[in-house]
Amino acid sequence: MAACDAAGIDIPRFCYHQRLSIAGNCRMCLVEVEKSPKPVASCAMPAGPGMKIKTDTPLVKKAREGVMEFLLINHPLDCPICDQGGECDLQDQAMHFGSDRGRFTEMKRAVDDKNLGPLVKTVMTRCIHCTRCVRFATEIAGVQDMGITGRGRDSEVGTYVDKLLTSELSGNVIDLCPVGALTSKPFAFTARNWELKNTESVDVSDALGANIRIDSRGAEVMRIVPRLNEDVNEEWISDKARFQYDGLKRQRLSVPLVKGKDGGFRNAHWSEALLAIQQALKGVKGNEIKAIAGKLSDAEAMIALKDLMNRLGSGNLQHEAGFSDLDADVRSNYLMNTGISGIEKADAVLLIGSNPRLESPVFNARIRKMWLEGVPVYLIGSQVDLTYAYTYLGNSPEALTKVLKNSDALKRLKEAKRPAVIVGPGVLKRSDRDAVLQQVHGLVEKAEVVKEGWNGYNVLHDAASRVAALDIGFLPSARASAAPPAKFVYLLGSDDWQESDIPEGAFVVYQGHHGDRGASRADVILPAAAYTEKSATFVNTEGRAQRTKEAVPKPGDSREDWQILVALAEVLKQPLPYKTLNAVRERLAEVAPHLQHVDEREAPIWLNGEYFKAFASKAGKAAASNKEFRSSIDNFYMTDVISRSSQVMAKCVQAKGSMRQGSYAS
Amino acid sequence: MASAMASVQLRVRDESKTGQNEPLLTISAQQCQWPVPQRSFATNSHDVFNVHHHTPDNNWETQFDFTDKNYELVSEIISRYPANYKASAVIPVLDVAQQQNKGFLSLAALNRVAKVLDMPEIRVYEVATFYTMFNRSKMGKYHVMVCGTTPCRLQGAEGIYEALHDHLGVGYGETTKDGLFTLGEMECMGSCVNAPMITVADYTKGVEGFSYNYYEDLTPEDAVSIVEQLRAGKSPKVGSQHRGKAEPVGAVQSGKWVSGPSGTVDTLVGKPRGPYCRNLDEPPPAEPKKEAKA
């Protein structure tokens, strides 16, 4: 079949999928092979030299018609009420190969619907037993929950017991299902696929930057589905990326709000709100101003805010819940140097303080893929189910020291041709980060993780905006630590700041799209666009700049982030030298040229370990505490304002909490 | 379906309350007589469903563990297979579990087998639901199975079923009220020469005393008598009820044993006609040598 695909000939299929193992059970792909007495299932037949394959003979046509007739025997005729209608493989192929009448006069079978949780809706009577979902769950997602029970015409796809699909990637079975047996629960009965507008965009729910397609109708995002990008997400996306979109319709800020004297917010015009900020800034010195950028801030907004703050005399810039004092001079120090797809070339992996299953589920599927091919995985971090087996080496910096001294793991990494070390975001957020990183650097050098033609030092991030913030230097200036307590704090979509970041009595401006923690602390609220409503640049964890596109209009009076900042700069009599989006991007390119190379990955340069030496001399001899490593994400389904506002994500949390864990009677 | 399904919980899916697993409606045996389900099965498995439904004797809380003696047996079974293919032992180990667990595999038993063999639970569920000789709901102490394949049918298997049905008051897939007998149907067991036949799986004595005996050449009265002897705790005669050795001395015809005319066996006598098989012990005759032409 792969040979036919390469030759540009379409072979109909249901069970075959190039990323899953071959099952060969739908029989739709029958072709005639010369010298073979009967039709051959092309998905399971290896192509040989000199093989002559016929795909359009009467025999093939008849065979496919026969298969189609059998498939339709037990398939209900409910296309008009089926969510898959219009994008259904069975529907399409039945149009091609189906008969105009049925010869089947017996009863159709009926199957109980299964409860797979709040994301996947099941109508199991429609199932044609292609087992794509079973293979996906087993092979890619690594949760052995789905299977085929029973036999013959009584077989059913399901979990046998009442059990949720406990994977962060479960939504992908919806795309895989060639019929309407597994459909999206939140999307159920809301729209038909042919009335949706498709916009190709980028996901911001984690730092992977998965490529997505936003399907919208009017002003509403109806659903989000993955887009193929072999280098980033293949064709999977996480459940958060797929289902958090209902959060975009709740808790939105749509008009500027100004806090009155009574402490309550009142609606305001843009000019009023901006003037209120101007008033508040009167008499505030430059070093008493502080800006904090949030997880979902785009590069354009951050550069505009940085320029504005610098003009106001402040260098006190932070990225929320992060590691504001990390030295970002050398790019290879905070990026995934192997690249996301490049990690598959590694032949030994060490995870340090990371739980990729929560931090980036799609990336975790790649590690699982490698593990299935026999790559050993070592873990220093919390001992959790990562969907693959690993050698646990401890959960503290002490364990790291032990590995560094002498261990099988170190030996194995040293022997490996292309070893990879993955440092999780939890490590960078530790208070003793410098000491731990020095140990990691020591390990990297000792195990020869970086060598000619291979750089296996990887940092995995957890927030979409973090790499862009580091790239453009959205960091506190050298003298920021000496600044007095801030009297004016500008929150650019930041909701996960720490209490100590905002001194009591400070005037707070919140610019963002959701009314959450940041907005409740603010004195002035400026409504901004969310990622589905603007064209904005994000850089993913491997340093690939990608752009979102405007899929739906902005709600109410909200504006794009950079527009708000440019307007504010004018009100403050500190005009920024750009007025259009292109001009902002030119400015971005001045600061970080790779941000202009959209969809390309600018490979970072490794300074032959010079950076490590510089880091060590700067950090000095710091002792690591023995605090345990923790992932930066506790609750996968709620990490930012959008997912926190989403009811679907809340249902996921609830379902996971009420689920029976593991085996019950043993 | 008296005791096999004493209480059935109906689950009605409510889209608005996703994630809540409480049954909306619980029907107990006292409240209603559960209708005998139409067995539209392609196979004659004892179980109606291919998914798990909680019952009082098989639910989340049910416990199961192998006895020490059976653990020995299980580890012996596992040792027959390569260490990295432990899952190969799933069928014999499930069999041991079924014998120990009084004839059926509860959810707990399936999970225990999965644990013992380091398999994902679903893979064990798949095997247990595929094979019809694994029962997944409560069984009687004796599982009486009537052969329903063509030769037995021709020799009166339907009469055997009717006799047992009338005598025990249960149909296929059902268990008598005293919990002693479960009636079932199965496919050819290879005793066609002594058709019709029944098989009784005896779950009263655990794994050690487990027996799976054939009772052949049955008349309806024989079948009833076998069941009655079992009820009385006796051991009925195993094998053919009417002939001593394997020879054509008679057959069951129209529910009665009809002996062949004694001494005048006139079928299958004498030397059968050829062609015969060549003698396999002797080397084949040498091919005639081709004479070399001058």
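Residues numbered from 1 in each chain as written. Chains lettered and ligands numbered in written order. Predicted model: local features only at pLDDT ≥ 70, side-chain atom pairs only at ≥ 80, totals over all residues. Heavy atoms only, no water.

UniProt's Cofactor (unreviewed entry) comment on chain B is quoted here verbatim: "[2Fe-2S] cluster". UniProt, in its Sequence similarities (unreviewed entry) section for chain B, records the words "Belongs to the complex I 24 kDa subunit family." (UniProt positions renumbered as here; feature names shortened; annotations may be inferred.)

As annotated in an unreviewed UniProt entry, chain A carries the name NADH-ubiquinone oxidoreductase 75 kDa subunit, mitochondrial and comes from [Myrmecia] bisecta. The record held by UniProt for chain A lists under Sequence similarities (unreviewed entry) the comment "Belongs to the complex I 75 kDa subunit family."

S.K.: How should I be thinking about the overall build of chain B in this particular structure?
M.R.: Scanning chain B from N- to C-terminus turns up 7 helices and 9 strands. Long-range pairs, those at least 24 residues apart, make up 61% of the contacts in chain B with a sequence separation of at least 6. Counting every atom, chain B has about 16700 Å² of accessible surface; 54% of that belongs to carbon and sulfur. (Helix = DSSP H or I, 4+ residues; strand = E, 2+ residues; numbered from the N terminus. Contact = heavy atoms within 4.5 Å. Areas by Shrake-Rupley, 256 points an atom, 1.4 Å probe, with all protein chains shown as cover.)

S.K.: Where do I start with the pattern of salt bridges in this structure?
M.R.: Working definition: two side chains of opposite charge can pair if their charged atoms are close together. Residue and element names in this part refer to chain A. Taken as a whole and judged by the stated rule, the model has 61 salt bridges over all chains. In this structure, Glu 344 engages Arg 366 in a salt bridge whose closest nitrogen and oxygen atoms are separated by 2.7 Å. Of the two residues, Glu 344 is situated in the loop between strand E14 (317–319) and strand E15 (348–352) and Arg 366 in helix H10 (residues 361–372); the sequence distance between them amounts to 22 residues. Arg 357 is paired through a salt bridge with Asp 385; the nearest N and O atoms lie 3.4 Å apart. On the criterion of sequence distance, the pair formed by Arg 357 in helix H9 (residues 356–359) and Asp 385 in the loop between strand E16 (377–380) and strand E17 (391–392) is long-range, its members being 28 residues apart. One salt-bridge network, held together by shared partners, links Arg 19, Glu 230, Glu 234, Glu 235, Glu 344, Arg 366 and Lys 369. (Salt bridge = Lys/Arg side-chain N within 4 Å of Asp/Glu carboxyl O.)

S.K.: How should I be thinking about the pairing of strand E9 (residues 211–217) of chain A in this particular structure?
M.R.: As a general feature of sheets, a regular strand has side chains that alternate between the two faces. All names here are of chain A. Within E9, 5 of the 7 residues are buried, which leaves it mostly tucked inside the rest of the structure. Strand direction decides the pairing type here: E9 and strand E10 (residues 220–226), joined by 6 bridges, are antiparallel. What sits directly across from Arg 217, in E10, is Glu 220. The hairpin turn running from E9 into E10, its antiparallel successor, is 2 residues long, and Gly 218 in that turn takes a positive phi close to 60 degrees. (Buried < 20%, exposed > 50% of the residue type's maximum accessible area, 1.4 Å probe, protein only. Pairing = 2+ DSSP bridges.)

S.K.: It is not clear to me how the UniProt feature "domain: 4Fe-4S Mo/W bis-MGD-type" (unreviewed entry) in chain A should be interpreted in this structure. Could you clarify?
M.R.: This chain's UniProt record puts "domain: 4Fe-4S Mo/W bis-MGD-type" (unreviewed entry) on residues 196–252 of chain A. The span residues 196–252 of chain A is 9% helix and 35% strand, and its two end C-alpha atoms sit 23 Å from each other.

S.K.: Any chance you could explain the sheet that holds strand E4 (residues 181–186) of chain B here in plain terms?
M.R.: Sheet strands pair via backbone hydrogen bonds, and the direction of the pair is either parallel or antiparallel. All names here are of chain B. As summarised here, the arrangement of the 5 strands in space is E4-E3-E5-E6-E7, forming an open sheet in which the pairing is mixed. For this open sheet the edge positions go to E4 and strand E7 (239–240), each flanked by a neighbour on one side alone. Relative to strand E6 (residues 211–216), strand E5 (residues 198–202) runs antiparallel, the two sharing 5 bridges. Counterpart to Ala 201 in the pairing with E6 is Tyr 212. Helix-sheet contacts for helix H6 (residues 157–168) involve strand E3 (142–147), E4 and E5, and the interaxial angle to E3 is about 150 degrees. (Axes fitted to C-alpha atoms, helices over the stretch in contact; angles between N-to-C directions.)

S.K.: Would you mind showing me how to read the UniProt feature "domain: 4Fe-4S His(Cys)3-ligated-type" (unreviewed entry) in chain A here?
M.R.: The feature "domain: 4Fe-4S His(Cys)3-ligated-type" (unreviewed entry), as given by UniProt, occupies residues 59–98 of chain A in the numbering adopted here. Annotation note: span residues 59–98 of chain A, helix share 60%, strand share 0%, distance between end C-alpha atoms 15 Å.

S.K.: Just to check I follow, could you spell out helix H7 (residues 220–231) of chain B for this structure?
M.R.: Given 3.6 residues per turn, any residue in an α-helix points the same way as the ones three and four places further on. Residue and element names in this part refer to chain B. Between its first and last C-alpha atoms H7 spans 17 Å; for 12 residues at 1.5 Å apiece the expected length is 16 Å, and the two agree. Taken as a whole, H7 has its buried residues at Pro 220, Asp 222, Ala 223, Val 224, Ile 226, Val 227 and Leu 230. Elements that come into contact with the buried residues of H7 comprise E3, H6, E4, E5 and E6. (Expected span 1.5 Å × (residues − 1).)

S.K.: Would you mind going over the packing of helix H4 (residues 132–141) of chain A against H10(A) with me for this structure?
M.R.: Residue and element names in this part refer to chain A. Interaxial distance between H4 and H10 falls to 9 Å at its minimum, and their mutual angle equals 85 degrees. Taken together, the axes of H4 and H10 lie roughly perpendicular to each other. Along the contact surface, H4 presents Thr 138, Glu 139, Ile 140 and Ala 141, while H10 presents Ala 365, Arg 368 and Leu 372. Its residues assigned to classes, the contact of H4 with H10 comprises 4 nonpolar, 1 polar and 2 charged. (Parallel < 35°, antiparallel > 145°, perpendicular 65-115°, else oblique. Nonpolar A, V, L, I, M, F, W, Y, C, P; charged D, E, K, R; others polar.)

S.K.: Honestly, the side chain of Asn364(A) in this entry has me stumped. Any pointers?
M.R.: Residues and elements named next belong to chain A. With respect to the element layout, Asn 364 can be found in helix H10. Accessibility expressed as a relative area gives 2% for Asn 364, which makes it buried. The contacts of Asn 364, once residues within four sequence positions are left out, are Pro 356, Arg 357, Leu 386, Thr 387 and Tyr 388.

S.K.: Help me understand the sheet that holds strand E2 (residues 40–41) of chain A, please; the structure alone is not making it clear to me.
M.R.: All names here are of chain A. The strand order E2-E1-E3 describes an open sheet built from 3 strands, whose pairing is antiparallel. Since the sheet does not close on itself, it has two edges, and those belong to E2 and strand E3 (53–54), each with one partner. Judged from the 2 bridges that link them, strand E1 (residues 30–33) and E3 form a sheet pairing that is antiparallel. Its bridge partner lying in E3, Glu 32 is registered against Lys 54.

S.K.: Before we go on, may I ask you to explain the packing of aromatic side chains in this structure?
M.R.: Given two aromatic rings, their pairing is described by the distance between the two centres and the angle made by the two planes. Scanning all chains against the criterion turns up 18 aromatic pairs over all chains. Seen from their ring centres, Trp371(A) and Tyr388(A) are 6.5 Å apart, and the 40 degrees between their planes marks the pair as tilted. Of this pair, Trp371(A) sits in helix H10 while Tyr388(A) sits in the loop between E16 and E17, and the two are 17 residues apart along the sequence. Residue classification places Trp371(A) among the partly exposed residues on the basis of a relative accessible area of 27%. On the basis of relative accessible area, Tyr388(A) is assigned to the buried category, the value being 5%. Of the aromatic side chains, those joined through ring pairs into one cluster are Tyr457(A), Trp606(A), Tyr611(A), Phe612(A) and Phe615(A). Sitting over the ring of Phe130(B), Arg151(A) keeps its end group 4.5 Å from the ring centre. Positioned above the aromatic ring of Phe187(A) is the side chain of Arg223(A), whose terminal nitrogen or guanidinium carbon lies 4.8 Å from the ring centre. (Phe/Tyr/Trp six-rings, centres within 6.5 Å; stacked < 30°, edge-to-face > 60°. Lys NZ or Arg CZ within 6 Å of the ring centre and 35° of its normal.)

S.K.: Whenever I open this one, helix H2 (residues 90–100) of chain B confuses me. Can you help?
M.R.: Residue and element names in this part refer to chain B. For H2, a buried count of 8 out of 11 residues is recorded, marking the element as mostly surrounded by other parts of the structure. In this structure, the buried residues of H2 make contact with helix H1 (68–79), helix H3 (107–116) and helix H4 (121–130). Two residues or fewer after H2 comes Lys 102, characterised by a positive phi angle close to 55 degrees.

S.K.: Would you explain empty space enclosed by the protein in this entry?
M.R.: To locate leftover empty space, one rolls a probe as large as a water molecule over the atoms. All names here are of chain A. Applying the stated criterion to the full structure yields 8 cavities of 30 Å³ or more. Space inside the largest cavity adds up to approximately 150 Å³. Lining the largest cavity are 17 residues, and of these Pro 118, Leu 164, Leu 165, Thr 166 and Tyr 637 sit closest to its centre. Looking at the lining of the largest cavity element by element, the count peaks at 3 residues for helix H21 (residues 647–658). Considering only residue class, the lining of the largest cavity consists of 10 nonpolar, 4 polar and 3 charged. (1 Å grid on protein atoms, 1.4 Å probe; cavity = no way out; pocket = protein on both sides within 12 Å on 5 of 7 lines; lining within 4 Å. Points joined across faces, edges and corners; volume = space filled by probe spheres on them.)

S.K.: Looking at this model, I keep getting lost on unusual backbone geometry. Mind explaining?
M.R.: Most peptide bonds take the trans form, and the phi angle of most residues other than glycine is negative. At the junction of Ala195(B) and Pro196(B), the peptide bond is cis and its omega measures out at -5 degrees in the coordinates. Pro275(B) follows Gly274(B) through a cis peptide bond whose omega is 0 degrees. Examined against the element boundaries, Pro275(B) turns out to sit in the segment after strand E9 (256–259). Notably, Thr387(A) is not glycine yet its phi reads approximately 75 degrees, a positive angle. Mapped onto the elements of the fold, Thr387(A) is located in the loop between E16 and E17. A relative accessible area of 10% places Thr387(A) in the buried class. In the Ramachandran plot, Ser254(B) falls in the positive-phi region, its phi being about 50 degrees despite a non-glycine side chain. Its location among the elements puts Ser254(B) in the loop between strand E8 (250–253) and E9.

S.K.: Explain the nonpolar core to me, please; I cannot follow it from the model alone.
M.R.: In globular proteins that are soluble, nonpolar side chains generally tend to be buried together. All names here are of chain A. Counting 105 residues, the largest nonpolar core has Phe 136, Leu 351 and Phe 363 as its most contacted members. At 6 residues, the largest contribution of residues to this core is made by H4. Apart from residues lying up to four places away in sequence, Phe 363 is in contact with Leu 208, Met 336, Ile 340, Ile 343, Pro 356, Ile 422 and Leu 460. Formed by 89 residues, the second largest nonpolar core is a distinct cluster that contains Ala 328, Leu 335, Leu 400 and Val 509. (Core = buried A, V, L, I, M, F, W, Y, C linked by side-chain atoms within 4.5 Å.)

S.K.: Looking at this structure, I do not really get the environment of Ala478(A). What am I missing?
M.R.: Among the secondary structure elements, Ala478(A) is positioned in the loop between helix H15 (466–471) and strand E22 (488–492). Taking C-alpha positions, Ala478(A) is 19 Å from Lys429(A), a pair spaced 49 residues apart along the chain.

S.K.: Which parts of the structure should I look at to understand the packing of helix H11 (residues 397–405) of chain A against helix H14 (residues 433–446) of chain A?
M.R.: To characterise two packed helices, one gives the angle between the axes of the helices and the distance between these axes. Residue and element names in this part refer to chain A. Where H11 contacts H14, the two axes come as close as 10 Å, and the packing angle between them is 20 degrees. Classified by the interaxial angle, the pair formed by H11 and H14 is roughly parallel. Helix-helix and strand crossings are classified by hand; for H11 and H14 the assignment is left-handed. Taken together, the residues of H14 that come into contact with H11 (itself represented by Pro 397, Leu 400, Thr 401, Val 403, Leu 404 and Lys 405) are Val 436, Gln 439, Val 440, Gly 442, Leu 443 and Lys 446. (Left-handed = near helix turned anticlockwise from the far one by under 90°.)

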